[in-house]
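Analysis of the macromolecular model
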Amino acid sequence: DGGITQSPKYLFRKEGQNVTLSCEQNLNHDAMYWYRQDPGQGLRLIYYSQIVNDFQKGDIAEGYSVSREKKESFPLTVTSAQKNPTAFYLCASSPGVNTGELFFGEGSRLTVL
Amino acid sequence: AQKITQTQPGMFVQEKEAVTLDCTYDTSDQSYGLFWYKQPSSGEMIFLIYQGSYDEQNATEGRYSLNFQKARKSANLVISASQLGDSAMYFCAMREAVWDMRFGAGTRLTVKP
């Protein structure tokens, strides 16, 4: 079945460590996104990518990094520079610009100990 | 500036009754899309309904309808015949003529038996 796979589902990290969240899609979508969700709040855009080897910062990119070496993959690294990384992270994709809804993965919950 | 405003942090509805979740938006673009997503406690984002800014008819999808009032910049979600499984967070979102999608803070709907 086509869809978006995020891993791991749950992740624990010690302060000062970098961690990478995986996002893979087999929908052949051009655009991919990373959102952060804090408890009881909406989604905030971290990064998005329109095409391979290109990505743009969203509203809260500080302390995060991404890469887009393959169309189907858009990993997110949460670096030690992110002051408050404990959150729920959602990856999404869409066929292209302004072409309808985003398709979401099931999310990754990161907890910093 | 806040693009999407959902003023109801929580709503209660009796099973089998209808409920309206409010959403107002802010844009100077003529072309944009409005979306509603449902997020159950498991965390995944489920697409419910879409309204394009040029669509003259209100969108409907089964028990969901979108009350689109362009001049007032509102896009309220109406759920008819509420079911217990409708209990979840509901997010209103907008895509302008760019790649990213912006979300409101959400409304937690609780359906009472």
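Let me sum up the structure you'll find in this document.

About the criteria used
- Residues numbered from 1 in each chain as written.
- Chains lettered and ligands numbered in written order.
- Predicted model: local features only at pLDDT ≥ 70, side-chain atom pairs only at ≥ 80, totals over all residues.
- Heavy atoms only, no water.
- Helix = DSSP H or I, 4+ residues; strand = E, 2+ residues; numbered from the N terminus.
- Rg over C-alpha atoms; globule rule 2.2 N^0.38 Å.
- Buried < 20%, exposed > 50% of the residue type's maximum accessible area, 1.4 Å probe, protein only.
- Contact = heavy atoms within 4.5 Å.
- Lys, Arg positive; Asp, Glu negative; His and termini not counted.
- Charge placed at Lys NZ, Arg CZ, Asp CG, Glu CD.
- Pairing = 2+ DSSP bridges.
- Core = buried A, V, L, I, M, F, W, Y, C linked by side-chain atoms within 4.5 Å.

What follows is about the overall build of chain A. Broken down by element type, chain A carries zero helices and eleven strands. Shown N-terminal to C-terminal, the secondary structure of chain A runs as helices and strands in the order β-β-β-β-β-β-β-β-β-β-β. Taken against the 2.2 N^0.38 rule, which gives 13 Å for 113 residues, the C-alpha radius of gyration of chain A at 13 Å falls within 12% of a compact globule. Across its three principal axes, chain A shows a C-alpha extent of roughly 40 × 25 × 25 Å. Considering chain A as a whole, with its 113 residues, one finds that 50% of them fall into the buried category. Contacts in chain A between residues far apart in sequence, at least 24 positions, make up 52% of those at least 6 positions apart. Across chain A, 11 positive and 12 negative side-chain charges occur, with their mean positions spaced 8 Å apart.

The next point concerns the pairing of strand E12 (residues 107-112) of chain B. All names here are of chain B. Burial along E12 is one-sided: Thr107, Leu109 and Val111 are buried, while Arg108, Thr110 and Lys112, pointing the other way, are not. Bridge count for strand E2 (residues 10-14) against E12 is five bridges, and the pairing is parallel. Bridge pairing in E12 links valine 13 to valine 111. Where strand E10 (residues 88-95) lies against E12, three bridges are found, and the strand directions are antiparallel. Across the sheet, the residue bridging to tyrosine 90 is threonine 107, located in E12.

Attention now goes to the nonpolar core. Of all hydrophobic cores here, the largest spans 24 residues; its most connected members are Tyr25, Trp36, Ile49, Leu77 and Tyr90 of chain B. Counting residues per element, the ones that place at least two in this core are strand E3 (19-21), strand E5 (33-39), strand E6 (46-52), strand E8 (64-69), strand E9 (74-79), E10 and E12 of chain B. No other element matches E10 of chain B, which puts four residues into this core. Apart from residues no more than four positions distant in its own chain, leucine 77 of chain B is found in contact with Val19, Thr20, Leu21, Trp36, Leu48, Ile49, Tyr64, Ser65 and Tyr90 of chain B. Residues Leu21, Ile46, Phe74 and Leu76 of chain A belong to the second largest nonpolar core, which totals 20 residues.

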